[in-house]
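Structural overview
Single-letter residue listing:
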Amino acid sequence: MIEDVILEHDKRGMNKLKEYLPSDFCKRAAYFLHGNMEKILIVTGFYVGGYCETDGPVSAIMLRKALTSLGSKVDIVTDRYCYEVLTRLKIPDVHCFPINGEKESLEFAENVISVIDPSIIVSVERCGRAKDGKYYNMRGEDISEYTGKVDFLFDFPKTIGIGDGGNEIGMGNLYEHVKSVVLHGEKIGSVVETTFLVISSVSNWGVYGVMAYLSEIEGKMLLKREDRILENVVQAGAIDSASRKAALMVDGFSLEVTNRIIEELKREVGYSLD
Ligand code: MG
Ligand code: MG
(Lines give C-alpha, C1' and ligand atoms only; values in the text may rest on other atoms or scores of the structure.)
(Ligands and ions follow the chains in the order given, each with its own letter.)
Protein backbone atom coordinates (compact mmCIF):
# COMPACT_ATOMS: atom_id res chain seq x y z
CA MET A 1 0.00 0.00 0.00
CA ILE A 2 1.10 3.55 -0.72
CA GLU A 3 0.58 4.32 3.00
CA ASP A 4 3.19 1.65 3.87
CA VAL A 5 5.73 2.92 1.35
CA ILE A 6 5.73 6.49 2.68
CA LEU A 7 6.29 5.17 6.21
CA GLU A 8 9.35 3.06 5.35
CA HIS A 9 12.55 3.82 7.32
CA ASP A 10 10.44 5.45 10.06
CA LYS A 11 12.67 6.82 12.82
CA ARG A 12 10.24 9.01 14.74
CA GLY A 13 7.36 6.80 15.80
CA MET A 14 5.11 7.71 12.86
CA ASN A 15 4.30 4.02 12.37
CA LYS A 16 2.80 4.06 15.86
CA LEU A 17 0.73 7.14 15.05
CA LYS A 18 -0.57 5.30 11.99
CA GLU A 19 -2.66 3.09 14.28
CA TYR A 20 -4.81 6.12 15.08
CA LEU A 21 -5.55 7.01 11.46
CA PRO A 22 -7.68 5.16 8.90
CA SER A 23 -5.44 2.69 7.02
CA ASP A 24 -6.01 4.60 3.74
CA PHE A 25 -5.27 8.04 5.24
CA CYS A 26 -3.19 9.15 2.25
CA LYS A 27 -5.81 8.05 -0.26
CA ARG A 28 -8.49 10.01 1.60
CA ALA A 29 -6.34 13.16 1.55
CA ALA A 30 -5.61 12.71 -2.17
CA TYR A 31 -9.30 12.35 -3.07
CA PHE A 32 -10.12 15.39 -0.96
CA LEU A 33 -7.43 17.37 -2.78
CA HIS A 34 -8.66 16.11 -6.14
CA GLY A 35 -12.17 17.22 -5.32
CA ASN A 36 -10.99 20.77 -4.54
CA MET A 37 -8.36 21.37 -7.19
CA GLU A 38 -9.40 24.72 -8.60
CA LYS A 39 -7.20 27.05 -6.55
CA ILE A 40 -4.65 25.44 -4.29
CA LEU A 41 -2.64 27.21 -1.64
CA ILE A 42 0.48 25.30 -0.51
CA VAL A 43 2.32 26.35 2.64
CA THR A 44 5.81 25.08 3.38
CA GLY A 45 9.28 25.97 4.72
CA PHE A 46 10.81 24.86 8.02
CA TYR A 47 13.54 26.85 9.74
CA VAL A 48 16.77 25.00 10.54
CA GLY A 49 19.76 26.89 11.98
CA GLY A 50 19.67 29.99 9.78
CA TYR A 51 18.35 28.25 6.67
CA CYS A 52 15.29 26.49 5.38
CA GLU A 53 15.42 22.72 5.19
CA THR A 54 15.15 20.57 2.07
CA ASP A 55 12.11 18.69 3.36
CA GLY A 56 9.10 20.71 2.23
CA PRO A 57 10.12 22.97 -0.65
CA VAL A 58 11.35 20.08 -2.84
CA SER A 59 8.02 18.25 -2.86
CA ALA A 60 6.04 21.51 -2.84
CA ILE A 61 7.72 22.41 -6.13
CA MET A 62 6.99 18.95 -7.58
CA LEU A 63 3.38 19.08 -6.39
CA ARG A 64 2.94 22.60 -7.75
CA LYS A 65 4.16 21.49 -11.17
CA ALA A 66 1.88 18.45 -11.22
CA LEU A 67 -1.20 20.40 -10.14
CA THR A 68 -0.50 23.18 -12.63
CA SER A 69 -0.29 20.54 -15.39
CA LEU A 70 -3.75 19.39 -14.32
CA GLY A 71 -5.13 22.92 -14.67
CA SER A 72 -5.01 24.12 -11.05
CA LYS A 73 -4.00 27.61 -10.04
CA VAL A 74 -1.33 27.19 -7.37
CA ASP A 75 0.02 29.75 -4.89
CA ILE A 76 2.68 29.10 -2.27
CA VAL A 77 2.93 30.86 1.10
CA THR A 78 6.09 30.57 3.18
CA ASP A 79 8.28 32.84 5.29
CA ARG A 80 11.65 34.52 5.03
CA TYR A 81 14.16 31.68 4.69
CA CYS A 82 12.22 29.46 2.32
CA TYR A 83 10.94 32.51 0.43
CA GLU A 84 14.54 33.38 -0.48
CA VAL A 85 15.08 29.86 -1.83
CA LEU A 86 11.86 29.76 -3.86
CA THR A 87 12.35 33.23 -5.35
CA ARG A 88 15.94 32.40 -6.33
CA LEU A 89 14.44 29.47 -8.24
CA LYS A 90 11.92 31.83 -9.85
CA ILE A 91 8.93 29.80 -8.67
CA PRO A 92 5.90 31.95 -9.55
CA ASP A 93 3.17 33.11 -7.15
CA VAL A 94 5.17 32.71 -3.93
CA HIS A 95 4.16 34.96 -1.04
CA CYS A 96 6.17 35.82 2.05
CA PHE A 97 4.36 35.59 5.39
CA PRO A 98 5.97 38.12 7.76
CA ILE A 99 7.43 36.99 11.09
CA ASN A 100 5.27 39.11 13.33
CA GLY A 101 2.94 39.27 16.34
CA GLU A 102 -0.47 37.61 16.64
CA LYS A 103 -2.64 40.55 15.61
CA GLU A 104 -0.58 41.39 12.52
CA SER A 105 -0.31 37.71 11.57
CA LEU A 106 -4.05 37.21 11.85
CA GLU A 107 -4.65 40.22 9.62
CA PHE A 108 -2.09 38.98 7.10
CA ALA A 109 -3.68 35.51 7.09
CA GLU A 110 -7.15 36.97 6.51
CA ASN A 111 -5.79 39.09 3.68
CA VAL A 112 -4.09 36.07 2.04
CA ILE A 113 -7.35 34.12 2.12
CA SER A 114 -9.38 36.97 0.66
CA VAL A 115 -6.87 37.76 -2.12
CA ILE A 116 -5.99 34.19 -3.16
CA ASP A 117 -9.44 32.79 -2.41
CA PRO A 118 -8.19 29.18 -2.28
CA SER A 119 -10.40 26.12 -2.70
CA ILE A 120 -8.08 24.17 -0.38
CA ILE A 121 -4.92 24.74 1.68
CA VAL A 122 -2.19 22.09 1.84
CA SER A 123 0.59 22.22 4.40
CA VAL A 124 3.87 20.46 3.56
CA GLU A 125 6.32 20.17 6.46
CA ARG A 126 5.33 23.45 8.02
CA CYS A 127 5.75 24.11 11.74
CA GLY A 128 2.47 24.52 13.62
CA ARG A 129 2.17 26.19 17.00
CA ALA A 130 2.44 24.04 20.10
CA LYS A 131 0.12 24.06 23.10
CA ASP A 132 1.92 27.07 24.59
CA GLY A 133 1.58 29.06 21.35
CA LYS A 134 5.28 28.73 20.47
CA TYR A 135 6.99 26.93 17.59
CA TYR A 136 9.46 24.13 18.24
CA ASN A 137 11.84 22.00 16.19
CA MET A 138 12.33 18.26 16.77
CA ARG A 139 15.11 18.93 19.28
CA GLY A 140 12.64 20.88 21.43
CA GLU A 141 14.29 24.23 20.63
CA ASP A 142 12.03 27.29 20.44
CA ILE A 143 12.18 28.65 16.85
CA SER A 144 9.30 31.16 17.23
CA GLU A 145 11.68 34.04 16.49
CA TYR A 146 12.33 32.62 13.02
CA THR A 147 8.87 31.29 12.19
CA GLY A 148 5.98 33.21 10.66
CA LYS A 149 2.57 32.29 12.05
CA VAL A 150 1.57 30.68 8.75
CA ASP A 151 -0.59 28.25 10.72
CA PHE A 152 -3.02 31.15 11.30
CA LEU A 153 -4.28 30.31 7.78
CA PHE A 154 -5.62 27.00 9.04
CA ASP A 155 -8.95 28.16 10.40
CA PHE A 156 -9.87 27.61 6.75
CA PRO A 157 -12.52 24.87 6.31
CA LYS A 158 -10.72 22.68 3.72
CA THR A 159 -7.17 21.76 4.67
CA ILE A 160 -4.60 18.97 4.44
CA GLY A 161 -1.55 18.63 6.70
CA ILE A 162 1.49 16.57 5.71
CA GLY A 163 4.09 15.96 8.40
CA ASP A 164 6.70 13.56 9.75
CA GLY A 165 7.50 14.55 13.30
CA GLY A 166 4.52 15.74 15.30
CA ASN A 167 5.37 19.46 15.32
CA GLU A 168 3.82 20.23 11.94
CA ILE A 169 0.48 21.78 10.94
CA GLY A 170 -2.11 18.97 10.97
CA MET A 171 -0.58 16.96 13.80
CA GLY A 172 -3.13 18.58 16.11
CA ASN A 173 -5.47 15.84 14.81
CA LEU A 174 -3.35 13.34 16.77
CA TYR A 175 -1.97 15.58 19.52
CA GLU A 176 -2.96 13.22 22.36
CA HIS A 177 -0.97 10.42 20.68
CA VAL A 178 1.94 12.61 19.56
CA LYS A 179 2.36 13.41 23.25
CA SER A 180 3.18 9.83 24.09
CA VAL A 181 4.80 8.60 20.87
CA VAL A 182 7.17 11.44 19.89
CA LEU A 183 10.25 12.54 21.84
CA HIS A 184 9.40 15.89 23.57
CA GLY A 185 5.91 15.32 22.11
CA GLU A 186 3.95 17.14 24.78
CA LYS A 187 6.07 20.26 24.33
CA ILE A 188 6.68 20.33 20.57
CA GLY A 189 3.49 18.65 19.32
CA SER A 190 1.38 21.00 17.22
CA VAL A 191 -2.22 21.65 18.19
CA VAL A 192 -3.09 22.91 14.69
CA GLU A 193 -5.66 20.61 13.10
CA THR A 194 -6.48 19.96 9.44
CA THR A 195 -9.39 18.26 7.70
CA PHE A 196 -7.07 15.42 6.63
CA LEU A 197 -3.64 14.43 7.89
CA VAL A 198 -0.90 12.55 6.03
CA ILE A 199 2.00 11.16 8.07
CA SER A 200 5.21 9.84 6.56
CA SER A 201 8.86 9.22 7.43
CA VAL A 202 9.85 12.31 5.43
CA SER A 203 7.19 14.90 4.61
CA ASN A 204 8.31 15.01 0.96
CA TRP A 205 7.46 11.30 0.75
CA GLY A 206 3.98 12.04 2.10
CA VAL A 207 3.49 14.48 -0.77
CA TYR A 208 4.70 11.83 -3.22
CA GLY A 209 2.16 9.42 -1.73
CA VAL A 210 -0.60 11.94 -2.42
CA MET A 211 0.80 12.44 -5.94
CA ALA A 212 0.79 8.67 -6.49
CA TYR A 213 -2.93 8.58 -5.75
CA LEU A 214 -3.52 11.66 -7.91
CA SER A 215 -1.70 9.83 -10.75
CA GLU A 216 -4.03 6.89 -10.30
CA ILE A 217 -7.12 9.12 -10.32
CA GLU A 218 -5.97 11.12 -13.35
CA GLY A 219 -4.54 8.14 -15.27
CA LYS A 220 -1.33 10.08 -15.72
CA MET A 221 2.00 9.54 -13.96
CA LEU A 222 2.80 12.72 -12.04
CA LEU A 223 5.77 11.42 -10.04
CA LYS A 224 9.33 12.10 -11.15
CA ARG A 225 12.76 11.46 -9.71
CA GLU A 226 13.81 14.09 -7.23
CA ASP A 227 17.34 14.76 -8.58
CA ARG A 228 16.98 18.09 -10.35
CA ILE A 229 14.61 19.76 -7.92
CA LEU A 230 16.71 18.73 -4.90
CA GLU A 231 19.90 19.96 -6.60
CA ASN A 232 18.26 23.29 -7.40
CA VAL A 233 16.79 23.74 -3.92
CA VAL A 234 20.15 23.02 -2.26
CA GLN A 235 21.94 25.33 -4.67
CA ALA A 236 19.42 28.03 -3.80
CA GLY A 237 20.31 27.77 -0.11
CA ALA A 238 18.34 24.97 1.59
CA ILE A 239 20.06 22.49 3.90
CA ASP A 240 19.52 18.93 5.10
CA SER A 241 17.90 19.03 8.55
CA ALA A 242 19.88 16.08 9.94
CA SER A 243 23.45 16.97 8.93
CA ARG A 244 22.65 20.71 8.71
CA LYS A 245 24.74 20.75 5.54
CA ALA A 246 24.03 21.81 1.96
CA ALA A 247 23.97 18.16 0.90
CA LEU A 248 21.73 16.32 -1.56
CA MET A 249 19.84 14.84 1.37
CA VAL A 250 16.48 15.22 3.09
CA ASP A 251 16.13 14.51 6.83
CA GLY A 252 19.39 12.58 6.56
CA PHE A 253 18.17 10.35 3.72
CA SER A 254 20.18 10.25 0.50
CA LEU A 255 18.74 11.01 -2.91
CA GLU A 256 19.06 7.30 -3.74
CA VAL A 257 16.75 6.31 -0.87
CA THR A 258 14.15 8.89 -1.90
CA ASN A 259 14.31 7.87 -5.54
CA ARG A 260 13.77 4.26 -4.46
CA ILE A 261 10.66 5.38 -2.53
CA ILE A 262 9.42 7.20 -5.64
CA GLU A 263 10.03 4.06 -7.74
CA GLU A 264 8.08 1.96 -5.22
CA LEU A 265 5.20 4.45 -5.34
CA LYS A 266 5.21 4.30 -9.13
CA ARG A 267 5.07 0.52 -8.92
CA GLU A 268 2.07 0.76 -6.59
CA VAL A 269 0.25 2.92 -9.13
CA GLY A 270 1.33 0.78 -12.09
CA TYR A 271 4.00 1.61 -14.61
CA SER A 272 1.47 1.55 -17.43
CA LEU A 273 0.81 5.23 -16.73
CA ASP A 274 4.41 6.18 -17.56
MG1 MG B 1 9.18 17.44 10.27
MG1 MG C 1 11.04 16.27 7.66
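Residues numbered from 1 in each chain as written. Chains lettered and ligands numbered in written order. Predicted model: local features only at pLDDT ≥ 70, side-chain atom pairs only at ≥ 80, totals over all residues. Heavy atoms only, no water.

**Points about the coordination of the magnesium ion (ligand 1)**
Note the cut-off: Here a donor is any nitrogen, oxygen or sulfur atom (N, O, S) within 2.8 Å of the metal, with 3.2 Å used for Na, K and Ca; water is not among the atoms considered, so some sites may look incomplete. For each residue, the accessible area found with a 1.4 Å probe, counting protein chains only, is set against the maximum for its type, and the residue is called buried under 20%, exposed over 50%, and partly exposed in between.
For the magnesium ion (ligand 1), the full set of protein donor atoms is Glu125 (OE), Glu125 (OE), Asp164 (OD) and Glu168 (OE), at a range of 2.1 to 2.7 Å. Between the magnesium ion (ligand 1) and the magnesium ion (ligand 2) the interatomic distance amounts to 3.4 Å, and aspartate 164 serves as a bridging ligand to the pair. Like glutamate 168, aspartate 164 is buried.

**Section: the coordination of the magnesium ion (ligand 2)**
All of the protein donors around the magnesium ion (ligand 2) are Asp55 (OD), Asp164 (OD) and Asp251 (OD); their distances to the metal are 2.0 to 2.1 Å. All donors to the magnesium ion (ligand 2) come from one chain, and their sequence spacing reads D-x108-D-x86-D.

**Re the packing of helix α3 (residues 25-34) against helix α9 (residues 203-218)**
Using the following cut-off: As a rule, the C-alpha atoms of each element are fitted with a line to give its axis, helices using only the stretch in contact, and angles between N-to-C directions run from 0 to 180 degrees. Per the convention used, a helix needs a DSSP run of H or I reaching at least four residues, while a strand needs a run of E reaching at least two, with both numbered from the N terminus. When an angle is under 35 degrees it counts as roughly parallel; over 145 it counts as roughly antiparallel; between 65 and 115 it counts as roughly perpendicular; any other value is oblique. Here is the rule for handedness: rotate from the far helix to the near one, and if that takes an anticlockwise turn smaller than a right angle the crossing is left-handed, while a clockwise turn gives right-handed. Any two residues having at least one pair of non-hydrogen atoms within 4.5 Å are treated as being in contact. In this classification, the charged set is Asp, Glu, Lys and Arg, the nonpolar set is Ala, Val, Leu, Ile, Met, Phe, Trp, Tyr, Cys and Pro, and all remaining amino acids, among them Gly, are polar.
It is at 9 Å that the axes of α3 and α9 come closest, and there the two elements cross at 60 degrees. With respect to α9, the element α3 is oriented oblique. Considering only the axes of α3 and α9, their crossing is right-handed. Residues Cys26, Lys27, Ala30, Tyr31, Leu33 and His34 of α3 form the contact with α9, whose participating residues are Gly206, Gly209, Val210, Tyr213, Leu214, Ile217 and Glu218. In terms of residue class, the contact of α3 with α9 is built from eight nonpolar, three polar and two charged.

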